[in-house]
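Listed below, chain by chain, are the residues.
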There are 2 protein chains.
Amino acid sequence: MILALAGGVGGAKLAAGLQAALGAPDQLLTVVNTGDDFEHLGLSICPDLDTVMYTLSGRANPETGWGLAGESWHFLDALAVLGGESWFRLGDRDLATHVERTHRMRAGESLSAVTADLAARLGVPSRIAPMSDDPVRTVVETGEGALPFQEYFVRRRCEPAVRDLRFEGAPAARMSAAFEAALADPSLEGVIVCPSNPYLSVDPILAVPGVRAKLAACPAPVVGVSPIVGGRAIKGPAAKIMAELGVEASARTVAARYRDLLDGFVLDETDRALAPRIESELAGLRVREEPTVMRGPDDRRRLAAGVLAFARALRES
Amino acid sequence: MILALAGGVGGAKLAAGLQAALGAPDQLLTVVNTGDDFEHLGLSICPDLDTVMYTLSGRANPETGWGLAGESWHFLDALAVLGGESWFRLGDRDLATHVERTHRMRAGESLSAVTADLAARLGVPSRIAPMSDDPVRTVVETGEGALPFQEYFVRRRCEPAVRDLRFEGAPAARMSAAFEAALADPSLEGVIVCPSNPYLSVDPILAVPGVRAKLAACPAPVVGVSPIVGGRAIKGPAAKIMAELGVEASARTVAARYRDLLDGFVLDETDRALAPRIESELAGLRVREEPTVMRGPDDRRRLAAGVLAFARALRES
């Protein structure tokens, strides 16, 4: 089996590629960041879980990467008339996910259980789990003070300069049962750190106690895929945040950040000149180049196949 | 000022007529049954308040009488895919009302405050208040056991035979501030008991402690309008319930039921033969005939004008 660690859009795309590339899609478990989760209008909203769920069920909006294809916005228009908060875009169909999840969780179901059931009902052939069933909330320390993640990300469109990030609740959070079981599973053949934002999507997962140690100790190869291509983020604010934190916006920074966890690192062919430098700087890390920009299903599957082949090679070496 | 007591569709129509017929619409306060309210999918749903609010803002669906005109159902379709409860029809736009109300009430606002604000934002020119800010829940005792109101009304389509009705929470409920103030207002010129279901819509209002006594003691004339025309309910299960409770399905039964409260009673011209009998049986009650079936805005306004003229005549007699 293969374990993928993912945040939102970029991670979901590679997870979709892995699901397509694996002979039996139930061999894939995608563990998803929940640091973006928040309570909004009384609803429990899990943006990354939903992006992964919608992408892996083939329902994601291909233009935005998030939300559902063919979505309508009648609820949000009516909410605005009533003076409700409409800065977070909740589509009519998407809203069913939030209402049903909130309702079930209030009745006592865990986020893991709700996620597994909703994903199955949407037709996702692989498995999806949150990193934890305990609430972890990313807080962005900015030049304008501390902002809850969605305030920073959606309401303020990532404009305030990031000084630091905190993951509230992380110290007391436990890994989800599926996540913990996967890392202890002798049939685990590889862990893929998807090309998600290292600060906003992967770090919250790594902040859950036990995750770093279990990944480092895991006998299966751990392979990271760079979300930075040619010094830019494919999507989102990763490169901007790197500049604000005073580090080089480059695949090299990403590799160094994960150095204690990774056996292999995939960077875009654009960045092939960086490969020998990374291998020499980070002893023991193997680097491979692939076309990492995923424009459609074929790109996803091709990148996934390359990453899986790399993991296999690392396993056999 | 005029105080109207209303349940759902029939009551909302006459309230709309009163709003149109009064020179200054803010002279009208419509106090609405909340016995139909329930918690569904974690949302606070107030069907009668919403029907009144949508009707008085000109947004009601003219075919059904409830819900919004031009409504769409994408949320409900998506909820069904997720295995959520879809027997109660929640439209995409209507849902904004429930989500926003629930969110504000959880934050501590009263139902009265939320209702007043939502109605104003929807453009309702008159005032609307719940009968109480405390929860009252109608329970229908049937041949198949006790059913919460919406289970009986929507899910079971009023099929089980009614044996009795209970209004849970009513003994501890307090009249809403607007309701109590209206009945104590020296400028009150009339109370109109709208043609709503006596058992399901008006009785819960009358079950709130103090309402019966204050209505009976009120110096302004109290005028009831029969929801039963020619032995049938214009809409809904009133006549069916009367048969199940072993009483005659007739305007006469309605008049007798409210006898301690009413100064005047309006029945449909179809039932004019009943007028002398009711006046002789119920000493002191004055009866007037009007075309009570409201097919459109003109009918509503005409009936309202007739009812207001009747109240004026009673006041001056």
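Residues numbered from 1 in each chain as written. Chains lettered and ligands numbered in written order. Predicted model: local features only at pLDDT ≥ 70, side-chain atom pairs only at ≥ 80, totals over all residues. Heavy atoms only, no water.

## Here's the deal with the overall build of chain A
When helices and strands are counted, chain A shows 13 helices and 14 strands. The C-alpha extent of chain A, read off along each of the three principal axes, is 60 × 45 × 40 Å. Residues counted as buried form 57% of the 317 residues belonging to chain A. Relative to all contacts within chain A whose residues are 6 or more apart in sequence, the contacts with residues 24 or more apart total 69%. One way to put it: in chain A the 34 positive side-chain charges average out to a point 2 Å from where the 41 negative ones average out. (Helix = DSSP H or I, 4+ residues; strand = E, 2+ residues; numbered from the N terminus. Buried < 20%, exposed > 50% of the residue type's maximum accessible area, 1.4 Å probe, protein only. Contact = heavy atoms within 4.5 Å. Lys, Arg positive; Asp, Glu negative; His and termini not counted. Charge placed at Lys NZ, Arg CZ, Asp CG, Glu CD.)

## A look at the side chain of T30(A)
All names here are of chain A. With respect to the helices and strands, the residue T30 is situated in strand β2 (residues 28–32). Exposure remark for T30: the relative accessible area of 0% places this residue in the buried category. The contacts of T30, once residues within four sequence positions are left out, are A4, A6, A15, V52, L56, R127, I128 and A129.

## What about helix α13 (residues 297–316) of chain B?
Helix length check: α13(B) (20 residues) gives 28 Å between terminal C-alpha atoms against 28 Å at 1.5 Å per residue, within 8%. Where α13(B) is concerned, the buried positions are D299(B), L303(B), A304(B), G306(B), V307(B), L308(B), F310(B), A311(B) and L314(B). (Expected span 1.5 Å × (residues − 1).)

## Remarks on the pairing of strand β7 (residues 145–148) of chain B
Across four bridges, strand β6 (residues 137–142) of chain B lies against β7(B) in antiparallel orientation. Residue pairing in the sheet places T142(B) in a bridge with G145(B) of β7(B). (Pairing = 2+ DSSP bridges.)

## Regarding the nonpolar core
With 108 residues, the main nonpolar core has L14(A), F75(A), I128(A), L14(B), F75(B) and I128(B) as its most contacted residues. With residues near it in sequence (within four places) discarded, F75(A) still touches L41(A), L90(A), D92(A), L95(A), D92(B), L95(B), A96(B) and V99(B). Counting residues in hydrophobic clusters, the runner-up holds 56 residues, among them Y152(B), V191(B), M242(B) and Y258(B). (Core = buried A, V, L, I, M, F, W, Y, C linked by side-chain atoms within 4.5 Å.)

## A word on the sheet that holds strand β8 (residues 162–168) of chain A
Residue and element names in this part refer to chain A. Strand order in the open sheet formed by three strands is β7-β6-β8, with antiparallel pairing between adjacent strands. The strands lining the two open edges of the sheet, one partner per strand, are β7 (145–148) and β8. Each adjacent strand pair in this sheet contributes to an overall mean axis angle of 25°, direction not counted. As paired elements, strand β6 (residues 137–142) and β8 share six bridges and run antiparallel to each other. Within β8, the position partnered with R137 by the bridge is E168. Here helix α8 (residues 198–206) sits on the sheet in contact with β6 and β8, set at roughly 30° to β8. (Axes fitted to C-alpha atoms, helices over the stretch in contact; angles between N-to-C directions.)

## Re the state of the cysteines
Under the definition given, this model contains zero disulfides over all chains. Looking at the unpaired C158(A), the closest cysteine sulfur is the one in C46(A), lying at 19 Å. (Disulfide = S-S within 2.5 Å.)

## Considering the pattern of salt bridges
Opposite charge on two side chains lets them pair, provided their charged atoms get close. Residues and elements named next belong to chain B. Counted under the stated rule, the structure contains 42 salt bridges over all chains. Taking the shortest distance from any N to any O, the salt bridge between R166 and E168 comes out at 3.0 Å. Classification of R166 as partly exposed rests on a relative accessible area of 32%. Taking relative accessible area as the criterion, E168 reaches 40% and is therefore assigned partly exposed. Salt-bridge contacts for R257 lead to D203; the nearest nitrogen and oxygen are separated by 2.2 Å. (Salt bridge = Lys/Arg side-chain N within 4 Å of Asp/Glu carboxyl O.)

## Regarding the relation of the copies chain A and chain B
With an RMSD of 0.0 Å, the fit of chain A onto chain B corresponds to turning through 180° and sliding 0.0 Å along the axis. In short, the pair behaves as if placed about a two-fold rotation axis. No C-alpha of chain A approaches the rotation axis more nearly than that of D92(A), which lies at 3.1 Å. When the interface residues of chain A are mapped onto chain B, 100% of them again lie at the interface, so the same face is used by both copies. (Least-squares fit on C-alpha atoms with pLDDT ≥ 70 in both.)

## Observations regarding the packing of aromatic side chains
The tally for this structure, following the rule as stated, stands at 10 aromatic pairs over all chains. Arranged with centres 6.3 Å apart and planes meeting at 45°, the rings of F38(A) and W87(A) form a pair that is tilted. Residue F38(A) is located in strand β3 (residues 38–40), and its partner W87(A) is located in the loop between α3 (74–81) and α4 (92–106); the two are separated by 49 residues in the primary sequence. Pair check on accessibility: F38(A) and W87(A) agree, each one buried. Geometrically, the ring pair formed by F149(A) and Y152(A) is tilted, given 6.5 Å between the ring centres and 55° between the ring planes. Of this pair, F149(A) and Y152(A) both sit in helix α6 (residues 149–155), separated by three residues, roughly a single helical turn. With respect to burial, F149(A) and Y152(A) carry one shared label: buried. In this structure, R89(B) is placed above the aromatic ring of W73(B), and the distance from its NZ or CZ to the ring centre is 4.6 Å. (Phe/Tyr/Trp six-rings, centres within 6.5 Å; stacked < 30°, edge-to-face > 60°. Lys NZ or Arg CZ within 6 Å of the ring centre and 35° of its normal.)

## Things to note about the side chain of N33(A)
Note on placement: N33(A) falls in the loop between β2 and β3. Leave out the neighbours within four places in its chain, and N33(A) touches A6(A), G7(A), D48(A), M131(A), L200(A), S201(A), P204(A) and I205(A).

## Some remarks on the environment of V208(B)
Residues and elements named next belong to chain B. Mapped onto the fold, V208 is located in the loop between α8 (198–206) and α9 (211–217). Expressed as a C-alpha distance, the spacing of V208 and D134, which sit 74 residues apart in the sequence, is 9.8 Å. When neighbours within four sequence positions are excluded, V208 is seen to be in contact with M131, A170, A173, R174 and M175.

## Considerations on the sheet that holds strand β9 (residues 190–193) of chain B
Residue and element names in this part refer to chain B. If you walk across this open sheet you meet the seven strands as β5-β2-β1-β9-β10-β13-β14, and the pairing is parallel. Of all strands in the sheet, those bounded by a partner on one side alone are β5 (127–130) and β14 (286–290). The average undirected angle you get between the axes of adjacent strands in this sheet is 20°. Running over the sheet, helix α1 (residues 9–21) touches β1 (2–6), β2 (28–32), β9 and β10 (222–225) and is turned about 170° from β2.

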